[in-house]
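Fold and geometry: a report
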Amino acid sequence: MLDQQRVQQMDINILVSIVNMQIRNEFSSFTELCRFYELNQSQLSQRLESAGYQLQTKQQQFTAA
């Protein structure tokens, strides 16, 4: 479903929705999601942050800053 190339090209709103859904339904954390899909966690986080989203660590969810 997710790979590094798709993450870089995907519409940011769709990406944040998929990431949040995957964390909520399939994984216990953002780190676990990145490990499973072999994604560069730092790059993915930077992409989301550059679009105004921040990871809320307690909720394990990206929200608009």
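Here's what I pulled together on the structure shown here. Position numbers for residues count from 1 along each chain, tracking the sequence in the order it is written. Per-residue local features of the predicted model are confined to residues with pLDDT of at least 70, and side-chain atom pairs are confined, for both listing and counting, to 80 or more; whole-chain, interface and lining totals are unaffected and use all residues. Hydrogens and water are ignored here; the side-chain numbers use all heavy atoms of the structure.

Topic: the nonpolar core
Each nonpolar core is a collection of buried residues, namely Ala, Val, Leu, Ile, Met, Phe, Trp, Tyr and Cys, held together in the definition by side-chain atoms within 4.5 Å. Each residue is assigned to one of three classes by its accessible area relative to the maximum for its type, calculated with a 1.4 Å probe on protein chains only: buried under 20%, partly exposed between the two thresholds, exposed over 50%. Formed by 19 residues in total, the largest nonpolar core has its most connected members in Leu 15, Phe 30, Leu 33, Leu 39, Leu 44 and Leu 48. Of all the secondary structure elements, the ones that give two or more residues to this core are α2 (12-25), α3 (30-37) and α4 (41-50). By definition, any uninterrupted DSSP run of H or I lasting at least four residues is a helix, any uninterrupted run of E lasting at least two residues is a strand, and each is numbered from the N terminus. A per-element tally of this core places α2 first, with 6 residues. By the convention used here, residues are in contact when the closest approach between their heavy atoms is within 4.5 Å. Sequence-distant contacts of Leu 44, that is, excluding residues within four places in its chain, are made with Val 7, Leu 15, Val 19, Phe 30, Leu 33, Cys 34 and Leu 39.

Structural notes on the pairing of strand β1 (residues 53-56)
The sheet contact formed by β1 and strand β2 (residues 61-64) spans 4 bridges and is antiparallel. Counterpart to Gln 54 in the pairing with β2 is Thr 63. Here a strand pair is declared whenever DSSP counts at least two bridges between the two strands. As consecutive antiparallel partners, β1 and β2 are separated by 4 residues, and within that stretch Gln 60 has a phi angle of approximately 50°, a positive value.

Quick look at the side chain of Gln 60
Among the secondary structure elements, Gln 60 is positioned in the loop between β1 and β2. Overall, the relative accessible area of 19% leaves Gln 60 in the buried class. A distance of 2.9 Å separates a polar atom in the side chain of Gln 60 from the backbone oxygen of Thr 57. The contacts of Gln 60, once residues within four sequence positions are left out, are Ile 23, Ser 28, Ser 29, Phe 30 and Leu 55. Distance and chemistry together define a polar contact, namely a pair of N or O atoms within 3.5 Å, with one atom able to donate a hydrogen and the other to accept it when in protein, and with adjacent residues in sequence counting only for side-chain atoms on both sides.

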